[in-house]
Amino acid sequence: MKTIIIGGGVFGLTAAIELATRGHAVTLLDPGPLPHPLAESTDISKVVRIDYGADADYTALGEAAIAGWKTWNAGWPRPLFHETGVAFLSRTPMQPGGFEHDSYELLVSRGHALQRLTAADIPTWFPAYRPGALVDGYFNPVGGWAESGAVIAKLAAEARMSGVTIIANRAVERITASGVDDLTAELVVVCAGAWVTQLLPELEDSIRASGQPVFHLRPSERSLFEASRFPVFGADIARTGYYGFPATSDGIVKIANHGAGEPGINEGDLAVRPDQDAALRLFLRTVFPALADAPIVHRRVCVYADTLDGHFWIAPHPDRPNLVVATGGSGHAFKFAPVLGALIADIALGIPHPLAHKFRWRPELVAPTRGDAARHADR
Ligand SMILES: Cc1cc2nc3c(=O)[nH]c(=O)nc-3n(C[C@H](O)[C@H](O)[C@H](O)COP(=O)(O)OP(=O)(O)OC[C@H]3O[C@@H](n4cnc5c(N)ncnc54)[C@H](O)[C@@H]3O)c2cc1C
């Protein structure tokens, strides 16, 4: 089928490669160069985890994605997925219903070898942590982080190699009955991230842009933040929102917040507010003393395409034939990149998929609930 993909983030590019590989004639349009500087998928790093509380769907999808990341790494000149392992730690003893507890239980029941960590273990294993700040949790050797912007650049190159026509510097203005703007197509897949409601206003009540603060810090004691003693972490993430990464090769430690976010944000006001800086400093003072006064060398507000239940939105449009929407990453989709293309292609081509129901077209939802157990409880 002659197919148009709107948007060159991780949803658009992986779908384009998969559909082209299945023999469809694919054209992808995006206003940016790829990676687009404002796209969610564009950053120095994204967490790759299989830890999803009691949710076996995302855990299974994550396990498949990890295998995919390793295959991708093997084909790339240098690895872009770094398997440092992940540490999910809690300020109070792990409790049933809590993200750390339920992840631990589910992962152990699936045969994963996790290392439970006591209050004494945590600063011993990870000396950057203030003793007593976090008192329970575990280390999971499976998982780590991916260089997301670099991955997008690789996927764009691979898409071209797979025969995808990428038209950059062109935004789609309108979706028509026969395609987009002056282009015709038999299938249109909208992967426009948080911008989707500009093209499909009927989704305004179901998918909302929410701004999340991201900070890049340069610690003076860099060795404390090397991956071997400072893996990807969630610091009581479901209650603080804070998570972060080991130092990059140029000594940057990224810390961000997987919280409720700033609703209704638009491109004009993507500035981190002073109270968000202050909140970060308080968190650092409490948990990572060696980072408490480290200079912030970059800050950014990055925008989630947030669904009300935190699950992705990958579904055919109920009223517009040959139109499929694939977005709603809700702050946690990048890690699934190696399996996302096949998932979107199956649903776009009407091939049954076990997760189609979870990601269905669901305007009946009215109130926010927490689909991703790691997401801050007050979203
Ligand atoms: C701060 C932050 C931290 C995150 N951390 C993680 C993490 O640690 N782990 C993880 O798994 N996920 C994480 N995520 C989520 C993840 O980044 C997203 O779910 C994913 O990247 C969304 O990809 P996308 O392709 O839907 O959107 P985007 O990457 O935003 O791409 C959408 C594309 O559509 C294009 N577009 C928009 N309008 C049009 C138009 N009219 N015509 C043509 N093109 C258009 C844009 O230019 C853009 O390139 C995070 C997200 C944020 C914001």
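Placed above this text is the structure.
### Focus on the site of the ligand
Around the ligand, a shell composed of 33 residues is seen, among which Asp30, Ser41, Val47, Cys302 and Lys335 lie nearest. Between the ligand and Val10, the relevant distance is 3.2 Å, taken from an oxygen atom to a main-chain nitrogen or oxygen of the residue. One nitrogen or oxygen atom from the main chain of Gly331 is found 3.4 Å from a nitrogen atom belonging to the ligand. Calculation on the ligand without its partners gives an accessible area of 1,000 Å², and the protein chains cover 97% of this total. Breaking the shell around the ligand down by element, the ones donating at least two residues are helix H1 (10–21), strand S3 (46–48) and strand S19 (296–307). With three residues, the top contributor of residues to the shell around the ligand is S19. Taken together, the residues of the shell around the ligand sort by class into 20 nonpolar, nine polar and four charged. Each of domain 1 (2–42 + 148–208 + 308–348) and domain 2 (49–146 + 209–303) accounts for three or more of the residues forming the shell around the ligand.

### What about the packing of aromatic side chains?
Counted according to the given criterion, the structure contains 30 aromatic pairs. Measuring from ring centre to ring centre gives 5.9 Å for Tyr58 and Phe336, while their planes differ by 25°; the resulting arrangement is stacked. Here Tyr58 is found in helix H2 (residues 56–75), whereas its partner Phe336 is found in the loop between strand S21 (323–327) and helix H9 (337–348), with 278 residues between them in sequence. Here Tyr58 matches Phe336 in class, with each residue buried. Centre to centre, the rings of Tyr129 and Phe233 are 6.3 Å apart; their planes meet at 85°, and the pair counts as edge-to-face. Taken as a pair, Tyr129 in the loop between helix H4 (121–125) and strand S7 (136–140) and Phe233 in strand S15 (residues 232–235) lie far apart in primary sequence, 104 residues in all. Through a chain of ring-to-ring contacts, the aromatic side chains of Trp125, Phe126, Tyr129, Phe139, Phe225, Phe230, Phe233, Tyr242, Phe283 and Phe288 assemble into a single cluster.

### Structural notes on the sheet that holds strand S8 (residues 144–146)
Spatially, S3-S8-S4 is the arrangement adopted by the three strands of the open sheet, whose pairing is antiparallel. Edge positions in the open sheet fall to S3 and strand S4 (81–82), since each of these has one partner strand only. Pairing of S4 with S8, which is carried by two bridges, proceeds in the antiparallel orientation. Directly across from His82, in S8, lies its bridge partner Trp145.

### As for the sheet that holds strand S9 (residues 165–167)
Across the sheet, which stays open at both edges, the six strands sit in the order S9-S2-S1-S13-S21-S20 with mixed pairing between neighbours. Bordering the open sheet on either side are S9 and strand S20 (313–316), each of which pairs with just one other strand. Sheet twist, expressed as the mean angle between neighbouring strand axes with direction ignored, is 15°. Both S20 and S21 contribute to a ladder of four bridges, which runs antiparallel. Residue pairing across strands places Pro316 opposite Val324, the latter belonging to S21. Sheet strands touched by H1: strand S1 (2–6), strand S2 (25–29), S9, strand S13 (187–190), S20 and S21. Its angle to S2, the strand with the most contacts, is close to 165°. Sheet contacts for H9: S13, S20 and S21; angle to S20, the most-contacted strand, approximately 25°.

### Description of the nonpolar core
Counting residues in hydrophobic clusters, the biggest one holds 71 residues, and the most contacted among them are Ile5, Phe11, Leu13, Trp69, Val189 and Ile314. For this core, the domains that each give at least three residues are domain 1 (2–42 + 148–208 + 308–348) and domain 2 (49–146 + 209–303). Of all hydrophobic cores here, the second largest spans 31 residues; its members include Phe139, Leu224, Val287 and Ile296.

Rules of the game
Residues numbered from 1 in each chain as written. Predicted model: local features only at pLDDT ≥ 70, side-chain atom pairs only at ≥ 80, totals over all residues. Heavy atoms only, no water. Near = heavy atom within 4 Å. Polar contact = N/O pair within 3.5 Å; in protein donor to acceptor, adjacent residues only side chain to side chain. Areas by Shrake-Rupley, 256 points an atom, 1.4 Å probe, with all protein chains shown as cover. Helix = DSSP H or I, 4+ residues; strand = E, 2+ residues; numbered from the N terminus. Nonpolar A, V, L, I, M, F, W, Y, C, P; charged D, E, K, R; others polar. Domains from an automatic or database assignment. Phe/Tyr/Trp six-rings, centres within 6.5 Å; stacked < 30°, edge-to-face > 60°. Buried < 20%, exposed > 50% of the residue type's maximum accessible area, 1.4 Å probe, protein only. Pairing = 2+ DSSP bridges. Axes fitted to C-alpha atoms, helices over the stretch in contact; angles between N-to-C directions. Contact = heavy atoms within 4.5 Å. Core = buried A, V, L, I, M, F, W, Y, C linked by side-chain atoms within 4.5 Å.

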